[in-house]
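# What the coordinates show
Listed below, chain by chain, are the residues.
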Amino acid sequence: MTDIAALLRQTRRIAVVGASNKPERPSFGVIRFLLNRGYEVTPVNPGLAGQEIQGRRVVATLEEAGPLDMVDVFRRSSEAGAVADEAVRLGAKSVWMQLGVIDEDAAARARAAGVEVVMDRCPAIEWGRLGLPSRIA
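Just so it is clear, the structure is predicted and the values come from calculations on it, not from any experiment.

All right, on to the packing of helix H2 (residues 26–36) against helix H6 (residues 123–130) then. Viewed as axis vectors pointing N to C, H2 and H6 meet at an angle of 45°, and their least axial separation amounts to 9 Å. It follows that H2 is oblique to H6 by the angle criterion. Between H2, through Val-30, Phe-33 and Leu-34, and H6, the contact on the second element is made entirely by Pro-123, Ala-124 and Trp-127. For the contact of H2 with H6, the per-class residue count stands at 6 nonpolar, no polar and no charged.

Another aspect to go through is the pattern of salt bridges. Going through the model one piece at a time under the given rule, you end up with 9 salt bridges. Here Lys-93 ties to Asp-69 by a salt bridge, and the two come within 3.4 Å at their closest N and O atoms. With a gap of 24 residues between them, Lys-93 in the loop between helix H4 (77–89) and strand S6 (94–97) and Asp-69 in the loop between helix H3 (62–65) and strand S5 (70–73) connect regions that are remote in the sequence. We classify Lys-93 as exposed; its relative accessible area is 55%. Residue Asp-69 is classed as buried on the basis of its relative accessible area, which comes to 12%. Put simply, Glu-63, Glu-86 and Arg-89 are held in one network by salt bridges that share partners.

Moving on, we get to unusual backbone geometry. It is generally the case that most residues other than glycine have a negative phi and that most peptide bonds are trans. Cis rather than trans, the peptide bond between Gly-66 and Pro-67 has omega equal to -5°. Residue position: Pro-67 is located in the loop between H3 and S5. With phi around 55°, Gln-54 is a residue other than glycine that occupies positive phi space. A positive phi angle, near 60°, is found at Asp-120, a position not held by glycine. Tracing the backbone through its elements, the reader meets Asp-120 in the loop between strand S7 (116–118) and H6. The class of Asp-120 is partly exposed, set by a relative accessible area of 34%.

This part is about H4. Helical geometry note: an α-helix holds 3.6 residues per turn, so side chains three or four residues apart project in the same direction. Over its 13 residues, H4 extends 19 Å from the first C-alpha to the last, a length consistent with the 18 Å expected when each residue adds 1.5 Å. Buried residues of H4: Ala-80, Gly-81, Val-83, Ala-84 and Ala-87, and no others. A positive phi of about 90° marks Gly-91, the residue just after H4.

Counting buried residues along strand S2 (residues 40–44), 4 of its 5 residues qualify, which places the element largely inside the surrounding structure. Two strands pair when backbone bridges link them, and strand S1 (residues 13–17) and S2 are joined in this way by 5 bridges, in the parallel orientation. Pairing of Ile-14 across the sheet is with Val-41, part of S2. Handedness of the crossover joining S1 and S2 through H2 is recorded here as right-handed.

What counts and what doesn't
- Residues numbered from 1 in each chain as written.
- Predicted model: local features only at pLDDT ≥ 70, side-chain atom pairs only at ≥ 80, totals over all residues.
- Heavy atoms only, no water.
- Axes fitted to C-alpha atoms, helices over the stretch in contact; angles between N-to-C directions.
- Helix = DSSP H or I, 4+ residues; strand = E, 2+ residues; numbered from the N terminus.
- Parallel < 35°, antiparallel > 145°, perpendicular 65-115°, else oblique.
- Contact = heavy atoms within 4.5 Å.
- Nonpolar A, V, L, I, M, F, W, Y, C, P; charged D, E, K, R; others polar.
- Salt bridge = Lys/Arg side-chain N within 4 Å of Asp/Glu carboxyl O.
- Buried < 20%, exposed > 50% of the residue type's maximum accessible area, 1.4 Å probe, protein only.
- Expected span 1.5 Å × (residues − 1).
- Pairing = 2+ DSSP bridges.
- Right-handed = clockwise from strand over helix to strand, strands pointing away.

Below is the structure:
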């Protein structure tokens, strides 16, 4: 079982796959939340590559976002496996699948490769639930 508090404290660089430039979308708010907590965040969305979200340049591929510690997945569950597999291939330390994103097989593959996995959770919610400080150290 992943120690979510430790994971959030140890992570520094996060790629957000499925990032949106629409303020009403959850990924937009989570990017802002993560930036405000002191993380270095790279939005990943091929349709928005070269644009900015929350002042951060959007890249087209996960590979362009590297090196990274965590891959935060805002994609359909059916697409999460490919993202998790690429995160493992690129040397990410963790894969975080957002609320509603569930792929047990992908999680098992990532864990077997030594990558920590959090599934069907949101870091902004977990941050408050765990009582973490306002910014990472």
